[in-house]
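# Understanding the architecture of this molecule
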Amino acid sequence: MSRKSVKENKNIYQLAREEAELSREAASAAMQFVTDNRIESFEADKSTPHPEEVLAMADAYKKPELCNYFCSHDCPIGKEYVPEVKNAELSQISLEMLVSLNSLNAMKDRLIEITVDGQISNDEINDFVKIENKLDDISEAVSALKLWCQKAVASGKIDEAALESARKTENH
């Protein structure tokens, strides 16, 4: 194993590689098409990794959260449209989702009133924005749950084959 970097302010890509206990050379070998010089380049913030490189890092380092980080921080489109998903424990994600769903359930009649005519009038906008924000909360909770699941698969806490089999059964 190579020596540890003493560089301060390491970026997420270098931290992920080091947490996986891989040298740049070993990471390059694991990713096959990303050279150690290229890894050094985006770890030193000299260049931005390409999406396929981020996918390869996420797989090699067992850090699926790198994909969301890339989309929400480095991708020009993603920075505009993809919120950063925060790592959280399953219990916290579940509770946040339930709170949001319960709040939205209480607002559903108002949503029907607002949208029944196919328009949103000025006197309905404030209520509509509250509902829209609650939907965003639910979307963030769903994304956090999906990320938690990806991390559990990557770490071996969830059997990937069993998960995929269950998904196929549920979707058919």
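### A closer look at the overall build of the chain
Across its full length, the chain carries 9 helices and 0 strands. Across the chain, helices and strands are ordered from the amino to the carboxyl terminus as α-α-α-α-α-α-α-α-α. With the C-alpha coordinates aligned to their principal axes, the bounding extent of the chain is approximately 65 × 40 × 30 Å. Out of the 172 residues belonging to the chain, those deemed buried represent 28%. Nonlocal contacts in the chain, meaning residues at least 24 apart in sequence, comprise 44% of its contacts between residues at least 6 apart. If you sum the accessible surface of the chain, you get close to 11,700 Å²; carbon and sulfur atoms cover 52% of it. Seen as two clouds, the 21 positive and the 32 negative side-chain charges of the chain have centres 6 Å apart.

### A word on the pattern of salt bridges
According to the stated counting rule, one finds 12 salt bridges in the structure shown. Residue E43 is joined to R17 by a salt bridge in which the shortest nitrogen-to-oxygen separation is 2.6 Å. Within this pair, whereas E43 is found in helix α3 (residues 36-43), its partner R17 is found in helix α1 (residues 12-19), the two being separated by 26 residues in sequence. Judged by relative accessible area, which is 7%, R17 ranks as buried. Two residues, K63 and E19, come together in a salt bridge whose shortest N-O distance is 2.5 Å. Taken together, the residues span a long stretch of sequence, with K63 in the loop between α4 (51-61) and α5 (65-74) and E19 in helix α1 at a distance of 44 residues.

### Observations regarding helix α7 (residues 90-115)
Largest kink in α7: about 45°, centred on M107. Looking at α7, one finds that the buried residues are I93, M97, S100, L104 and I114. In this fold, the buried residues of α7 make contact with α8 (125-154).

### Examining the environment of K10
Secondary-structure assignment places K10 in the segment before α1. Sequence separation between K10 and K146 is 136 residues, and the spatial gap between their C-alpha atoms is 26 Å. Side-chain polar atoms of K10 contact the side chain of E18, separated by 2.8 Å.

Criteria and thresholds
- Residues numbered from 1 in each chain as written.
- Predicted model: local features only at pLDDT ≥ 70, side-chain atom pairs only at ≥ 80, totals over all residues.
- Heavy atoms only, no water.
- Helix = DSSP H or I, 4+ residues; strand = E, 2+ residues; numbered from the N terminus.
- Buried < 20%, exposed > 50% of the residue type's maximum accessible area, 1.4 Å probe, protein only.
- Contact = heavy atoms within 4.5 Å.
- Areas by Shrake-Rupley, 256 points an atom, 1.4 Å probe, with all protein chains shown as cover.
- Lys, Arg positive; Asp, Glu negative; His and termini not counted.
- Charge placed at Lys NZ, Arg CZ, Asp CG, Glu CD.
- Salt bridge = Lys/Arg side-chain N within 4 Å of Asp/Glu carboxyl O.
- Bend = angle between axes of the 7 residues up to and from the residue.
- Polar contact = N/O pair within 3.5 Å; in protein donor to acceptor, adjacent residues only side chain to side chain.

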